[in-house]
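# Secondary and tertiary structure notes
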Amino acid sequence: MVPGPVTEFGAHPAAEPGTHPDPRRGSRTSRDGQARTRLLDAAVAVIRARGLTGASVDDLCARAGVSKGAFFHHFPSKEALAVAAAEHWSRTTGALFAAAPYHAPADPLEKIMGYLDLRAALVQGTPADYGCLAGTMAQEVFDTSPAVRDACGASILGHAATLVPDIEGALAAYRTDLDPAARSAHARSLAVHTQTVLQGAFVVSKAANDPTLVLDAIEHLRRYLRCVFTPTRSQP
C-alpha cells in the first residue's frame, strides 16, 4: 500500500518533482515513455502473481525500477494503472496471437484447432506465468472498480471477437444446415464460450494448484467444438 492518505484506488496527494534532463541519457520524452512501459510490464507480472489488491505501489515501482514520483507522474492512481495495464495486456497478447502460425491453414476449422494448440502450449510454469491479467483483475474488482472491470471486459471480449471470423467460416463450411443469421449468432456465442472455458480453467487451476486442469479443459473444449462442427443428421 502507498503510505499516507491514499485509498486502494485513490490518487496520491503529491508526486516527487522531476529531475533535470541529462542529454547523455536521451530525451525526457523517451525516458518517460520507457518508464511508463516498464510500469505496465511490471503491473502485468506483479498482478498476475499477487492480484491487484496484493500489488502495492512499492511492489510495482520496485519491479519497474522507477520511483514513486515516476509512478504518479504517469498514473494518478493504482486504478488508472490497472486500466492502462489491461489495455497494454490486450495490445501485447493481441500481437502474439495475430502473428501466430495457426492462421496459416486454409481450413477455418484447422485454424480454430491451431488456436487451441497454442493456448495449450502457453500453459507453462505457475498461474502467474499462464494466467490472464484481465481475468485476474476482473474477479477482484468487478463490483468495486467499474473502470477496471470494463477495461478487463473489453480485453477478454475483444480477444473473443478475433475468433469470430474463423468460427463463422467453419460453420459455413461444415454446418450447411445453418442459415447465415444463425451462423453469425453461433459464431459470436462460441467465441465467448472459448474464453469462458479458459477463464474458468485458470481459476480452478489456481485453486487446485494444478496447471494440468487447464490442459484438460482445453481438450474438452476441442472435443466439444468438433461436435459443434459436425453436421446434424436428419431423422428418417
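Here is a short report on the structure shown in this document. Values in this document were obtained by computation on a predicted structure and should not be read as measured data.

### Concerning the nonpolar core
F71, M137, V148, I167, L225 and F229 are the most contacted members of the largest nonpolar core, which totals 68 residues. If one sorts the elements of this core by residue count, helix α8 (residues 146–174) sits on top with 10 residues.

### Brief notes about the environment of A161
On the secondary structure map, A161 appears in helix α8. Overall, A161 belongs to the partly exposed group, its relative accessible area being 45%. Placed 27 residues apart in sequence, A161 and R188 show a C-alpha to C-alpha distance of 7.1 Å.

### Some words on unusual backbone geometry
Even without being a glycine, N209 presents a positive backbone phi close to 55°. Following the sequence through the fold, N209 ends up in the loop between α9 (180–208) and α10 (212–228). According to the relative accessible area criterion, N209 is exposed, its value standing at 62%.

### Points about the packing of helix α4 (residues 78–98) against helix α7 (residues 133–141)
Working note: a packed helix pair is described by the angle between its axes plus the distance between those axes. Axis separation between α4 and α7 bottoms out at 9 Å; the angle between their running directions is 150°. Relative to α7, the element α4 is oriented roughly antiparallel. Judged by the sense of rotation from one axis to the other, the crossing of α4 with α7 is left-handed. The segment α4 lies against α7, with A82, A85, A86 and W89 engaging L133, A134 and M137.

### Section: α10
With 17 residues, α10 ought to run about 24 Å at 1.5 Å a step, and its terminal C-alpha atoms sit 24 Å apart, in line with that. Taken together, the buried positions of α10 are occupied by V214, A217, I218, L221, R222, L225 and V228. Along the axis of α10, the buried residues cluster in a sector spanning 145°; they form a single face. Exposed side of α10, more than 90 degrees from the buried face: H220 and C227 are the residues found there.

Thresholds applied
Residues numbered from 1 in each chain as written. Predicted model: local features only at pLDDT ≥ 70, side-chain atom pairs only at ≥ 80, totals over all residues. Heavy atoms only, no water. Core = buried A, V, L, I, M, F, W, Y, C linked by side-chain atoms within 4.5 Å. Buried < 20%, exposed > 50% of the residue type's maximum accessible area, 1.4 Å probe, protein only. Helix = DSSP H or I, 4+ residues; strand = E, 2+ residues; numbered from the N terminus. Axes fitted to C-alpha atoms, helices over the stretch in contact; angles between N-to-C directions. Parallel < 35°, antiparallel > 145°, perpendicular 65-115°, else oblique. Left-handed = near helix turned anticlockwise from the far one by under 90°. Contact = heavy atoms within 4.5 Å. Expected span 1.5 Å × (residues − 1). Arc of directions from axis to C-beta.

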